Amino acid sequence: MGVSFRDAIPCVWPLTADGLIKAERSIVDEVHSTISELNSREDYPYVFLQPADKDIRIDRIGRKVTAMCRWIPRRELRWS
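Residues numbered from 1 in each chain as written. Predicted model: local features only at pLDDT ≥ 70, side-chain atom pairs only at ≥ 80, totals over all residues. Heavy atoms only, no water.

*Asks:* Give a detailed account of the environment of alanine 8, specifying residues and quantitative values.
*Replies:* As for its position among the elements, alanine 8 is in strand 1 (residues 6-14). When the C-alpha atoms of alanine 8 and alanine 67 are compared, they prove to be 9.0 Å apart, with 59 residues separating the residues in sequence. Other than its neighbours up to four places away in sequence, alanine 8 contacts Met68, Cys69 and Arg70. (Helix = DSSP H or I, 4+ residues; strand = E, 2+ residues; numbered from the N terminus. Contact = heavy atoms within 4.5 Å.)

Next comes the structure, spelled out in C-alpha cells:
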C-alpha cells in the first residue's frame, strides 16, 4: 500500500531585498533547501514532495516566491 499525497497547494515565502537581486537558480535552490529542512523536522506536521522547478514562481514585483507542493500529514506516514 503506497503513500497518498494530497493535491498541490501553494507554499508561499516572502522575497527579501537580498532575494530581489539573486539569480533565479539560487532562489529555486533555496526553495528546495527550505522544503528539505521542513521535511526533516519531526515537529513539523506535514511532509512535502519537492516541486518541479517549473512549479516554482518568483514574483519580484509582489516580492514573493510560490511553490506548488503536494503534501501529506506526517502522522499518515509509516516509519520502519
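*Asks:* Help me get a handle on the pattern of salt bridges, residues and values and all.
*Replies:* According to the stated counting rule, one finds seven salt bridges in the structure shown. Note that aspartate 18 and lysine 22 form a salt bridge whose closest N and O atoms lie 3.6 Å from each other. Aspartate 18 gets classed as partly exposed once you look at its relative accessible area, which sits at 45%. Here lysine 22 falls in the partly exposed class, since its relative accessible area comes to 23%. Aspartate 55 is the salt-bridge partner of lysine 54, the closest N and O atoms lying 3.6 Å from each other. The exposed category is assigned to lysine 54, whose relative accessible area is 59%. What you see here is one network of salt bridges that share partners, running through Asp18, Lys22 and Glu30. (Salt bridge = Lys/Arg side-chain N within 4 Å of Asp/Glu carboxyl O. Buried < 20%, exposed > 50% of the residue type's maximum accessible area, 1.4 Å probe, protein only.)

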